Amino acid sequence: MSAEAASTQPAATNPPAESAPVTETPAAAPAAAEAPAEEKPAEKKEDEKPKASQGSVNTSLYVGELDPNVNEAILFEIFNMVGPVSSIRVCRDAVTRRSLGYAYVNFLNAEDSERALEQLNYTPIRGRPCRIMWSQRDPGQRRAGQGNIFIKNLDEAIDNKALHDTFAAFGKILSCKVASNEQGSLGYGFVHYESKEAAEAAIKHVNGMLLNDKKVYVGHHISKKDRQAKIEEARAQYTNVYVKNLDPAVTQEEFEKLFDKYGTITSAALATDEEGKSRGFGFVNFAEHAQAAKAVEELNDTEFHGQKLFLGRAQKKSEREEELRKAYEAAKNEKLSKYQGVNLYIKNLPEEFDDERLQEEFAPFGTTTSAKVMRTPTGASRGFGFVCYSAPEEANKAVAEMNGKMIENRPLYVALAQRKDVRHQQLAAQMMQHNQLRLQQQQAAAAAAAQMYPGAPGMYYPQPPAQFPGQVRPQYPPGMMQGMPPMAGAPGAPYPGQFPAGGMFPQGYRPPRPPRGAAPTAGAAPAGVQRGQGAPVPVAVPAQPEALTAAALANASPEEQKQMLGEAIYPKIAASQPQLAGKLTGMILELPVGELLHLLEDDEALSSKVDEALTVLREYESREGAEATA
C-alpha cells in the first residue's frame, strides 16, 4: 500500500538521506494532535548539532524536486546569497544529459550550509518547491530506515512544507516528502525522523487523527522488499475464492450449497445485474485457507449445470491487470528472442510476388519456417514482406546474397527485421552524428577560406550544410564536371527557397566570391548585384539533370548515386515539407540504394518514411531546445 520513503534517493548517484531541521515560519498546515509537553522539542542547544556535523564537518547539501530546466547557474545565484559556494553539480542522465531533478551544493563552511538548509528548504525554484537535505554518502545509513514513518490518506492540499510543519512537533526531521505526479499529490507521504523515539511519538499521536477533515493512517515505513514478501505470504493464505462460468440459471441457494461440504462459509455472493439476473460469476469466502484451497482443487474445471467452472484465488482488478501485463511482456520478449537474428525484412518486392514465390527465392539459403508478403485490405501487395529461417547463419547468408539483387529490374532490400522503436533510436543516433560532422565541415571550410583570402576582412565563406549525410558535398556549381576547378563567379546568387535544378545548394548558401578583377564566365548573365570593388557577379545557368535510370546508377560511384537519388527525391519531399526538405532528404538518403529506388516509385512508402524521419527530427529538436534552455 505504500511506496519507498522520501529519504530513499537514486542509488546510482549515492544521494543523501539526512538533513538538518527546518526552522521556517510554519505556513497554514493541517493541525495534528498536540503532543504531550514532555514530547515537544526543547530549545536548540549547542550539543544538538545534526549528525552530519558530528565527527566530521559536512558542508554538502542534497537539493531535490528540481524542475528539469534548473541548471548550475540558477542554483548558484540562489545559494551563493547565503554564503560562498565551492561547487554545484546537477545530476544528469548519462545518455540524454537531461536533469534527473536533483543536485548537490557544496559550501565552504558548515555554518553557511546549515543556514541555507534552514532558509531555503521548500523555497520555490522555477515554480517548484525544492527539498533540501544533508548529503549522506553512506548507503548503510541511507537505507537503515530507522525513524522513518509512512502517512496515507492525505488531503491533496497538503504539500511537503505543510507535512513538515505538522510533524515537526514530535522531533527533529531529517527528510519529509509528499508523493506526487504531474496532476498533484498521490495522497501519501513520508517523514524521516532523527530518532526512533520521535517516530514512535508521531505514530502514537497522529495515527487515526483528522488532517484537513480526512482521517490519516500513520505507521512505520516498511521497505518494498518486506512489503512484497508480506503480500506474497498473504496471497498464499487466501480464503476468498472467485468462481466464474456459472449458468445464469444458478440461484443463490444452489451456489451456496455447492460449497457447503468444503468448510465454514463466512460469505457467498452471486453477482447479479440491475434486474437481478445472474452475471455468471461470484465469490465465496471460507473461514480457513485449507478449506478454500480444497474447494479450488476439487471444483476447478468441473461441470456444474452443464458448464465447466473456473475457480481461483480472488484478486483485485489492479492485481489482475498487473499479472496480465507481465504475462504479455513475457510472451512478447519470448517471441522477440525466438525470432532474433532469424527474421528478415524484404522491401521493393514486385507486385506479383506472393508468399510461395517469396519463399522460393529465399529457400536456397536454408530452411524457411515462414514467408509472408504484406498486403493492403484490398489484397494488393504493399511491396515488402518477411522471411523467417530456422538458424541465424542461414538468415545472415540470405542477407549477404540477396540484398541488392536485381529481380525484375528491382533491387531488393534485405535486412534483419527490427522493431520500430529500435529504428527510431538508430535514426536519432545517426542524426546526431551527422550534425557533428556538419559542424566539423563548417569549421574546416571557414579555416580554409581564411587561408585562401587572408586579406579580405569581413568576408563570409561557409560550407553548405551536409543535408545529405554520408556524401561529400561538392564545391562546384551544378552541371560542372567533377574534378574541374570552379570558375570565377560560377555559383552566383542562391536560388531563393529551393535547390537549383540538378544542384545541391540549399537556401541561404553564399558561395565564395571570385578574386577581384576576375573576368566573368562566358555565357553567364550579370547578376546585377555590386560586390567588392563594384564588379558584378555573374550567375551560372545550371545544367538540367539527366533522367535517373538503373544504368546511370550502376555506372556511378556510391557518392554520385546518393547525389543523383537526392536530386530526384528532394522535389517530392519539398512539395509537402518545403522548410525541412533538406534535412529530411539527408536523413532518408541514409537508406540503401535499393530502398531509395523503391521510394522513388512508391509515393505512399516515401510519405511514410518522411513521416518517420520527421518524428525523429522533432524529438531531436525538442531535446536540443531543452538542453539549450537549461
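Residues numbered from 1 in each chain as written. Predicted model: local features only at pLDDT ≥ 70, side-chain atom pairs only at ≥ 80, totals over all residues. Heavy atoms only, no water.

(A) Molecular detail of the overall build of the protein. The helix and strand inventory of the protein stands at 17 helices and 26 strands. Across the protein, the fraction of contacts at a sequence separation of at least 24, relative to all contacts at a separation of at least 6, is 66%. Carbon together with sulfur atoms contributes 51% to the accessible area of the protein, which is approximately 34800 Å² in total. (Helix = DSSP H or I, 4+ residues; strand = E, 2+ residues; numbered from the N terminus. Contact = heavy atoms within 4.5 Å. Areas by Shrake-Rupley, 256 points an atom, 1.4 Å probe, with all protein chains shown as cover.)

(B) A look at the pattern of salt bridges. Tallied over the full model, the rule gives 16 salt bridges. Two residues, Glu232 and Arg235, come together in a salt bridge whose shortest N-O distance is 3.3 Å. With Glu232 and Arg235 both in helix α6 (residues 224-236), this residue pair falls 3 residues apart, about one helical turn. With a closest N to O distance of 3.6 Å, Lys572 and Asp603 form a salt bridge. Of the two residues, Lys572 sits in helix α14 (residues 558-576) while Asp603 sits in helix α17 (residues 603-629), which places them 31 residues apart along the sequence. Because the salt bridges share partners, they merge into one network encompassing Glu232, Arg235, Arg313 and Glu319. (Salt bridge = Lys/Arg side-chain N within 4 Å of Asp/Glu carboxyl O.)

(C) Broad picture of the confidence of the model for the protein. Within the protein, residue pLDDT values average 75, and 72% of them lie at 70 or more. When pLDDT is averaged over each element of the protein, strand β13 (residues 240-244) comes out on top at 93 and strand β25 (residues 525-531) at the bottom at 42. Predicted confidence is poor over residues 1-55, with pLDDT under 50, and the contacts of this stretch with residues over four places away or in other chains come to 148 contacts. In this model residues 455-546 is a low-confidence stretch, pLDDT under 50, and it forms 134 contacts with partners more than four residues away in sequence or in other chains. (pLDDT = per-residue confidence, 0-100.)

(D) Layout of the sheet that holds strand β20 (residues 368-375). Pairing is antiparallel across the open sheet formed by 4 strands, whose spatial order is β20-β21-β19-β24. Lying at the two open borders of the sheet, with one neighbouring strand each, are β20 and β24 (413-416). On average, each strand axis in the sheet is tilted by 20° relative to the strand beside it, whichever way the strands run. Here strand β19 (residues 343-347) runs beside β24; their pairing, made up of 4 bridges, is antiparallel. Its bridge partner being in β24, Leu344 is matched across the sheet by Leu416. Against the sheet, helix α11 (residues 392-402) touches β19, β21 (381-389) and β24, its axis set at about 155° to β24. (Pairing = 2+ DSSP bridges. Axes fitted to C-alpha atoms, helices over the stretch in contact; angles between N-to-C directions.)

(E) Spatial organisation of the pairing of β13. Only one face of β13 is buried, namely the one carrying Val241 and Val243, since none of Asn240, Tyr242 and Lys244 on the opposite face is buried. Looking at chain direction, β13 and strand β18 (residues 310-313) are connected through 4 bridges and run antiparallel. Of the residues in β18, the one forming a bridge with Val243 is Leu311. (Buried < 20%, exposed > 50% of the residue type's maximum accessible area, 1.4 Å probe, protein only.)

(F) Focus on the sheet that holds β13. Taken in spatial order, the 4 strands make up an open sheet running β14-β15-β13-β18, and their pairing is antiparallel. With partners counted over all chains shown, the strands left at the sheet margins are β14 (265-272) and β18, one partner each. The sheet shows a mean angle of 20° between the axes of neighbouring strands, direction not considered. In the sheet, β13 pairs with strand β15 (residues 278-286) via 5 bridges, with the strands oriented antiparallel. Within the sheet, the bridge partner assigned to Tyr242 lies in β15 and is Phe283.

(G) Inspection of the packing of aromatic side chains at higher detail. Going through the model one piece at a time under the given rule, you end up with 16 aromatic pairs. Centroid distance Tyr62 to Tyr104: 6.0 Å. Interplanar angle 65°. Geometry classified as edge-to-face. Placement of Tyr62 in strand β1 (residues 60-64) and of Tyr104 in strand β3 (residues 99-107) is noted, with a sequence separation of 42 residues between them. The same class applies to Tyr62 as to Tyr104, namely buried. Plain terms: the ring middles of Tyr102 and Tyr104 are 6.3 Å apart, the flat faces sit at 90° to each other, and that makes the pair edge-to-face. The pair formed by Tyr102 and Tyr104 is uniform in burial state, with each residue classed as buried. Following the ring pairs from residue to residue traces out a cluster consisting of Tyr345, Phe384, Phe386 and Tyr413. Sitting over the face of the ring of Tyr217, Lys152 holds its NZ or CZ atom 5.2 Å from the ring centroid. In this arrangement the basic side chain of Lys244 is found over the ring face of Phe310, its NZ or CZ atom lying 5.1 Å from the centre. (Phe/Tyr/Trp six-rings, centres within 6.5 Å; stacked < 30°, edge-to-face > 60°. Lys NZ or Arg CZ within 6 Å of the ring centre and 35° of its normal.)

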